[in-house]
Amino acid sequence: MKDIVIGSIRALALRRLTFLLIANAGIALLMGQLSPYFFTVSDGQAILQYGAVLGLLALGQTIVIISGGGGIDLSIGGMLSLTGIVFASLVAHHNVPVVAAGLLAVGLGLGLGAFNGVAITIVGIPPLIATLGTYYLYSSLALVATDGAPLSGFPNSFANLGQGFVLEIPNQFLFVVVPATVLLTYLLRGTILGRAIYLVGVNENAARLSGISVIRARMAAYMISGLVAALGAMITASWLMSARPDAGANYELQSITVAVLGGTYIFGGEGTLGGSLLAVLLVTMLATGLQLANIDPTWQLGILGVVLLVAVTLNEYVFRQGIHLRLRRGLPTAEPSNV
Amino acid sequence: LTPLARGGRRIRGLLGQRQAAIATVLATELIFFAVAAPGFATLQNIQTVLQSSSEIALLAGGMTLLIILGSVDVSVGSMLGIAAYIAGRLLVDGTSKPLVLLAVIAVGVVLGTFNGALVAFVGIPSIIVTLGTMSIFRAGVFWLLNGQFLVGIPSFSRSLAQGHLLWLPGSFAIALLVYGGLWHLLRHRVLGRRIYAIGNNEEAARLAGVNVRRTKLVSFALLGALTGLAALLYTMRVPSIEITVGQDFALLAIAAVVIGGASITGGSGSVVGTLLGVLFVGFLNNGLVIIGVPSLWELAVLGTFLLLSVGIDHTVERRRAAATRRAGREA
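What counts and what doesn't
Here, residues in each chain are numbered from 1, in the same order as that chain's written sequence. Note on labels: chains are lettered from A, ligands numbered from 1, in written order. Thresholds applied to this predicted model are a pLDDT of at least 70 for local features of residues and 80 or more for the giving and counting of side-chain atom pairs; totals over whole chains, interfaces and linings are not thresholded and use all residues. Note: side-chain values were computed over all heavy atoms of the structure, leaving out hydrogens and water. Helix and strand labels come from DSSP, where a helix needs a run of H or I of at least four residues and a strand needs a run of E of at least two; each type is numbered from the N terminus. Note on exposure labels: buried denotes an accessible area under 20% of the residue type's maximum, exposed denotes more than 50%, and partly exposed covers the range between, all computed with a 1.4 Å probe on protein chains only. The contact definition used throughout considers only heavy atoms, calling two residues in contact when any of these lie within 4.5 Å. Each accessible area is a Shrake-Rupley result for a 1.4 Å probe, and residues are judged covered by the shown protein chains and nothing else. The positive count covers Lys and Arg only, the negative count covers Asp and Glu only, and His and the chain ends enter neither. Charged side chains are reduced to one point each, which is NZ for Lys, CZ for Arg, CG for Asp and CD for Glu. Any two of the Phe, Tyr and Trp rings considered here, Trp counted by its six-membered ring, make a pair once their centres fall within 6.5 Å; the pair's planes then place it as stacked at under 30 degrees, edge-to-face at over 60, or tilted in between. To estimate the expected span of a helix, subtract one from its residue number and multiply by 1.5 Å. Working definition for bend: take the seven residues up to and ending at a residue and the seven starting at it, fit an axis to each, and measure the angle between the axes. Each polar contact in these results corresponds to two N or O atoms within 3.5 Å; when the atoms are within protein, one needs to be able to donate a hydrogen and the other to accept it, and residues that are neighboring in sequence are counted only if both atoms are side-chain atoms. Simply put, the buried area is the total loss of 1.4 Å probe accessible area from both parts when two parts are fitted together. Salt bridges are defined as contacts in which a side-chain nitrogen from Lys or Arg sits within 4 Å of a carboxyl oxygen from Asp or Glu. Nonpolar residues are Ala, Val, Leu, Ile, Met, Phe, Trp, Tyr, Cys and Pro. Charged residues are Asp, Glu, Lys and Arg, and all others, Gly as well, are polar. Per-residue confidence from the predictor is reported as pLDDT, which spans 0 to 100. An axis is simply a line fitted to the C-alpha atoms; with a helix, the fit covers only the stretch in contact. Between two such axes, the angle follows the N-to-C directions and lies from 0 to 180 degrees. By definition in this entry, angles of less than 35 degrees are roughly parallel, angles greater than 145 are roughly antiparallel, angles of 65 to 115 are roughly perpendicular, and the rest are oblique. By definition, turning the near helix anticlockwise from the far helix through less than a right angle yields a left-handed crossing, and turning it clockwise yields a right-handed one.

(A) The arrangement of the overall build of chain B in detail. For chain B, the helix and strand inventory stands at 14 helices and 2 strands. Dimensions of chain B, computed from C-alpha atoms along their principal axes, come out at roughly 70 × 55 × 35 Å. The buried share of chain B, reckoned over its 331 residues, is 53%. Considering only contacts in chain B between residues 6 or more positions apart, those separated by 24 or more positions represent 80%. Accessible area for chain B stands at about 14,600 Å²; split by element, carbon and sulfur atoms hold 65% of it. Of the charged side chains in chain B, 24 are positive and 12 negative; the average position of the first set lies 11 Å away from that of the second.

This is how it looks when you write it as structure tokens:
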């Protein structure tokens, strides 16, 4: 009996997607018990609206971590704050049409991501320090630009993106998160660049010797992170109809947590976007459920920290299992780099 | 050779090239602010900066060990928050001072050991562990404060921290004492040499018989102890404890260590460099405020200096490695 229990826990840990689906179902049932409002259409909509931004950022963070070399993007929230402020000031103070301002914000996001990428791949600063530096740089610039005050003054029609629905589904989920997920999944699975991102994460030297440009693959990863941060900034602005200079605060912890919980290996080379999104769903249900149960949001931070530690410990265990399996089959094993 | 150049060479020999560079940068900074900021170059202002830098100095001292080891701890700010609350609570309750000191150091050691155990025994990268515990400890501060400020810390504790040793603020003298101990530890004790060895090549150190796990655990615990001491100094300096206590301390400490020349990938660094880095960061914040730069800019300026300092280090290192390779080919 004991063996069966341990065996099934082990099997679940190794099948991350199944594990996440079951965990999601469990959390949903629990929250349904805590609050009668949990299983309503409006609450489902709220979860999709609330989780959309984190979902986008999780895509970027996951790809950065997969690309390896100690890959991590601590500046992702700072990029969200800064692109949001620039976008809002273009629309509200400089009368730039929303679409043009949106394109400029996306361009800025790509630029900020490229700056990270250059600092990491070409100058050679470790990602941890490079993105810690730019995190403070980007988020302070957002604060300085507005003197700490939020910006508003969007045209009313702009609220459609963050507050509207089509077929009861929130627009930002249907028209931003879903297309972004499909495109990035195709990029990772179906293009040479995507395979290169995985390969440089598994073994940088092997990738280089096979003629893959490590710089190009990692640059792309950090630029994708900037891109999703800009998209997240616009969704946030439309949802709240204002842009706060600290809109991205705490998203670095949240996005890293969901990426790791979704099964992304912190040393690079392994991870799926689907896993990260299931983890976003789980974390978001937990957060809204706690809100419905009137539990103070500061606790969420602590719970998130615990989730991160448990998830990363689980991953370490799973990966060791993976190494054993590979060794048994005589396959080469990835050597985790020293971070 | 002019006497100036000879003197420069002697300082270089004493400090090493990297420290000479940061010493030059620090001197330039001091001269710039002394000229540009009225009231900067007064004894009182310098004492204020030294006093308010002593907590960062203690954190950065412990952080130097971790960074040489190839690790990092971003949870020190929240850790300091918990210890500062406990120190404040005990002082309010009138507990005797030696007991308070023991209590905060014990709290720091426990929290630091928790981080260290996860890094050393589970094998999770230190940035991920401490990112997680940063939030957990912060929730702990929130729970302890219960939505209020902790006030009423007796003023005798402030006068103690504000006392001077000749002209040196008491709290900074404590920090200097700790730096002396850390310098001795890193240079002359087995533990210190093991820390350098692990940072340079963990696998080689392990094969040479170094107990890697224990060294990591002890280093994290030591940082915890210093964080506890820093929390006590903080409580003695600041009249109330609020939920955001120590929020930017981790960045300030890491920036000081890295600007002081420790390599973030491990294996090199010194407490002398870190001390210069702490002074650089402390005088930077103070000078910017005096010349009227809004405080919102502080972190942006610091982030930029962090990137510049590491960027220059890596470029120089790469040039040197390339030159060595070339020399090797020609030989």
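Text resumes after the structure shown.
(B) Representation of the overall build of chain A in the model. Regarding its fold elements, chain A presents 14 helices and 4 strands. Counting all 339 residues of chain A, 53% fall into the buried class. Long-range pairs, those at least 24 residues apart, make up 77% of the contacts in chain A with a sequence separation of at least 6. Carbon and sulfur atoms form 67% of the exposed surface of chain A, whose accessible area is close to 14,500 Å².

(C) Molecular detail of the packing of aromatic side chains. Scanning the entire structure with this criterion turns up 8 aromatic pairs over all chains. Where Y135 of chain A meets Y136 of chain A, the ring centres are 4.8 Å apart and the plane angle is 70°; that geometry is what we call edge-to-face.

(D) Just helix 3 (residues 43-69) of chain B, in detail. All names here are of chain B. With 27 residues, helix 3 should reach 39 Å at 1.5 Å per residue; the first-to-last C-alpha distance of 37 Å fits that figure. At S54, helix 3 shows its largest kink, close to 40°. At the exit of helix 3 stands G70, carrying a positive phi of roughly 95°.

(E) The side chain of R218 of chain A, seen in detail. All names here are of chain A. Locating R218 in the fold gives a position in helix 11 (residues 214-240). A distance of 2.8 Å separates a polar side-chain atom of R218 from the backbone oxygen of S67. At 3.2 Å, the side chain of R218 forms a polar contact with the side chain of E204. Ignoring anything within four residues of it in the chain, the contact list for R218 reads S67, G68, G69, T121, V200 and E204.

(F) Expanded view of the interface of chain B and chain A. Contacts between the two partners involve 40 residues from chain B, matched on the other side by 41 residues from chain A. Summed over both sides, the interface of chain B with chain A buries roughly 3,400 Å², with 80% coming from carbon and sulfur. Together, I128, L296 and L307 of chain B form the three largest contributors to the area buried by chain B at its contact with chain A, with a combined 18%. The interface formed by chain B and chain A contains 0 salt bridges. Counting every contact that joins chain B to chain A gives 2 residue pairs in polar contact (both at pLDDT 80 or more). Elements that contribute at least two residues to the side of chain B that touches chain A include exactly helix 5 (97-122), helix 6 (126-145), helix 12 (249-259) and helix 14 (297-330) of chain B. Here the side of chain B that touches chain A is composed, by residue class, of 25 nonpolar, 11 polar and 4 charged.

(G) Representation of helix 6 (residues 127-146) of chain A in the model. The end-to-end C-alpha separation of helix 6 of chain A is 28 Å, in line with the 28 Å expected for 20 residues at 1.5 Å each. Looking one or two residues beyond helix 6 of chain A, the residue adopting positive phi is D147 of chain A, at roughly 60°.

(H) Looking closely at the confidence of the model for chain A. Summing up the model confidence of chain A, the mean pLDDT is 81 and the portion of residues at 70 or higher is 89%. Low pLDDT (under 50) marks residues 335-339 of chain A, which in the prediction has 7 contacts with non-local residues, meaning those over four places away or in another chain.

(I) Quick peek at the confidence of the model for chain B. Overall, the prediction assigns chain B a mean pLDDT of 85, with 91% of residues at 70 or greater. Of the two predicted TM-score estimates for the complex, the pTM is 0.83 and the ipTM is 0.78.

(J) The packing of helix 8 (residues 170-188) of chain B against helix 9 (residues 190-200) of chain B, seen in detail. Residue and element names in this part refer to chain B. Running from N to C, helix 8 and helix 9 cross one another at 70°; their axes reach a closest spacing of 5 Å. The pairing of helix 8 with helix 9 is recorded here as roughly perpendicular in orientation. Where helix 8 crosses over helix 9, the handedness of that crossing is right-handed. Between helix 8 and helix 9, the contacting residues are L185, L186, R187 and H188 on the first element and V190, L191, G192, R193 and Y196 on the second. Of the residues in the contact of helix 8 with helix 9, the class split is 5 nonpolar, 2 polar and 2 charged.

(K) Just the side chain of T215 of chain B, in detail. For T215 of chain B, the location among the structural elements is in helix 11 (residues 212-237). A polar atom in the side chain of T215 of chain B sits 2.7 Å from the backbone oxygen of N211 of chain B.

(L) Fine view of unusual backbone geometry. The backbone of N250 of chain A sits at a positive phi, close to 75°, despite the residue not being glycine. Among the structural elements, N250 of chain A can be located in the loop between strand 4 (242-243) and helix 12 (251-261).

(M) Representation of the pattern of salt bridges. Scanning the model with the defined rule gives 6 salt bridges over all chains in all. In this structure, the salt-bridge partner of E204 of chain A is R208 of chain A, at a minimum N-O distance of 3.0 Å. In this pair, E204 of chain A and R208 of chain A both sit in helix 10 (residues 204-209), 4 residues apart, roughly one turn of the helix. Here E202 of chain B ties to K216 of chain B by a salt bridge, and the two come within 3.4 Å at their closest N and O atoms. Of this pair, E202 of chain B sits in helix 10 (residues 202-207) while K216 of chain B sits in helix 11; the two residues are 14 residues apart in sequence, bridging distant segments of the chain. Judged by its relative accessible area of 26%, E202 of chain B falls in the partly exposed class. Judged by relative accessible area, K216 of chain B falls into the buried class, the value being 12%. Connected through shared salt-bridge partners, E204, R208 and R218 of chain A make up one network.

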